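Reading the structure
This is what each chain is made of:
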Amino acid sequence: MAAPELVATCWTTAGTARPLDPSEVSPLTPFERIDAVAAGGWAGLGFAHEDLELMRSTTGFDQVAQYARERGLRHLEVELIADWWLPEEAWRERWDLLLEAASAFGSPFVKAGTAFGEPWSDLSPLVDPLRRLAVEAAGVGTRVALEPLPFSRVGSLPAGADLVRAVDHPAAGLAVDFWHVFRAGTSLAELGRSLTLEQVAAVELDDADAEPVGDLFEDTRDRRRYCGEGVQDVTGFIRLLEDLGWNGPWGVEILSDEHRRNGLTLGLERARATTTACFDRARSTSP
């Protein structure tokens, strides 16, 4: 089988920046991040909205996109839209920024999330708002990829799949992040029963300890493991998605204090090597 196309998702190359810090802007320039990703053999990388705000006001998106293409990168991702079910003034400015970046980059999707808190049992209030995002995303040639989180309103991938099914628009899909699968208590068998290939807009790989360290947000932000260095069934997850028909690209999303201490070059080397080893095991062993 062909070697997997691996994408270093936004936090994997963000340096010391962390989600929900007072500033989420990476101390590294987009060009430094692109150079490191290209030199490491990756297929692409991602940027978060605060980096994109700075990028738009300085270099501009077109220059960054051209720089990435010249270095052989094929996939540029953007994230994250939140509050999209609230009145439009709560989210329109950020959404327009993300769509502008996605259009300039040729991004395959814009990632979407929901508010933290107990998962909702009734997701029907989200159907029309998510369909609106899908229509607008399709208008610039991309998709919206909803990422269910076990500590958010859409708390699991099966729930997210039901929501996307209700939205019933080809530009509405799911970001299937393995961390959020196992921390929500979703088995691989249940995940396989709930997903169709058409629903999957993005796949992200990572690993973790058996039990969370701190609360779920602290665990996802500061304690993820490199693939194969935790105890989760990364190889089984890869096999499931490949059996479903997914052929990439595969995001590698490593958020951890350890990864940030390693620095950009070493962190990317380790993230790629450990992920590649998981693919080798997944493809050479039986379930």
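Keep in mind that what you see is a predicted model, and the values were worked out from it rather than measured.

Further remarks concern the pairing of strand β2 (residues 44-48). Judged by how many residues are buried, β2 sits mostly within the fold: five of five residues are covered. Going residue by residue along β2, you find Gly 44, Gly 46 and Ala 48 tucked away on one face and Leu 45 and Phe 47 tucked away on the opposite face as well. Both strand β1 (residues 6-8) and β2 contribute to a ladder of two bridges, which runs parallel. Bridge pairing in β2 places Val 7 opposite Gly 44. Crossover connection from β1 via helix α1 (residues 30-39) to parallel β2: handedness right-handed.

This part is about the side chain of Glu 24. Structurally, Glu 24 is set in the loop between β1 and α1. No salt bridge is formed by the buried Glu 24. Its closest oppositely charged neighbour is Arg 94, at 6.6 Å. Within the local environment of Glu 24, its side chain forms a polar contact with the backbone nitrogen of Leu 20, the two atoms lying 2.7 Å apart. Leaving out residues up to four positions away in the same chain, Glu 24 has contacts with Trp 11, Ala 17, Arg 18, Pro 19, His 49, Glu 50 and Asp 51.

Before going further, it helps to spend a moment on the side chain of His 75. Turning to its location among the elements, His 75 is positioned in strand β3 (residues 75-81). Residue class for His 75 comes out buried when judged on its relative accessible area of 16%. Residues contacting His 75, with those up to four places away along its chain left out, are Glu 5, Val 7, Ala 43, Gly 44, Leu 45 and Pro 249.

It is worth spelling out the nonpolar core at this point. Counting 81 residues, the largest nonpolar core has Leu 52 and Phe 105 as the members making the most contacts within it. Looking at which element gives the most residues to this core, the answer is helix α4 (residues 92-105), with seven residues.

Our next topic: the packing of aromatic side chains. Evaluation of the coordinates by the stated rule reveals 11 aromatic pairs. Ring centres of Phe 31 and Tyr 67 lie 4.8 Å apart, and the angle between their planes is 75 degrees; this geometry places the pair in the edge-to-face category. Of this pair, Phe 31 sits in helix α1 while Tyr 67 sits in helix α3 (residues 61-70); the two residues are 36 residues apart in sequence, bridging distant segments of the chain. Here the two residues Phe 31 and Tyr 67 agree in accessibility, since each one is buried.

With that settled, the discussion passes to the packing of α1 against α3. Close contact between α1 and α3 brings their axes to 10 Å; oriented N to C, the two are set at 15 degrees. If you check the angle between α1 and α3, you find them roughly parallel. Like other packed secondary-structure pairs, α1 and α3 cross with a definite hand, here right-handed. Contacts from Pro 30, Phe 31, Ile 34 and Asp 35 in α1 reach Gln 63, Val 64, Tyr 67 and Ala 68 in α3. Class assignment for the residues of the contact of α1 with α3 results in six nonpolar, one polar and one charged.

Once that is clear, we can look at the environment of Leu 149. Within the element layout of this structure, Leu 149 appears in the loop between β5 (144-146) and α6 (157-167). Remark: the alpha-carbon pair of Leu 149 and Ala 115, spanning 34 residues in sequence, is separated by 9.4 Å. If sequence neighbours within four positions are ignored, Leu 149 has contacts with Phe 116, Val 154, Gly 155 and His 180.

What counts, and where the lines are drawn
Residues numbered from 1 in each chain as written. Predicted model: local features only at pLDDT ≥ 70, side-chain atom pairs only at ≥ 80, totals over all residues. Heavy atoms only, no water. Buried < 20%, exposed > 50% of the residue type's maximum accessible area, 1.4 Å probe, protein only. Helix = DSSP H or I, 4+ residues; strand = E, 2+ residues; numbered from the N terminus. Pairing = 2+ DSSP bridges. Right-handed = clockwise from strand over helix to strand, strands pointing away. Lys, Arg positive; Asp, Glu negative; His and termini not counted. Salt bridge = Lys/Arg side-chain N within 4 Å of Asp/Glu carboxyl O. Polar contact = N/O pair within 3.5 Å; in protein donor to acceptor, adjacent residues only side chain to side chain. Contact = heavy atoms within 4.5 Å. Core = buried A, V, L, I, M, F, W, Y, C linked by side-chain atoms within 4.5 Å. Phe/Tyr/Trp six-rings, centres within 6.5 Å; stacked < 30°, edge-to-face > 60°. Axes fitted to C-alpha atoms, helices over the stretch in contact; angles between N-to-C directions. Parallel < 35°, antiparallel > 145°, perpendicular 65-115°, else oblique. Left-handed = near helix turned anticlockwise from the far one by under 90°. Nonpolar A, V, L, I, M, F, W, Y, C, P; charged D, E, K, R; others polar.

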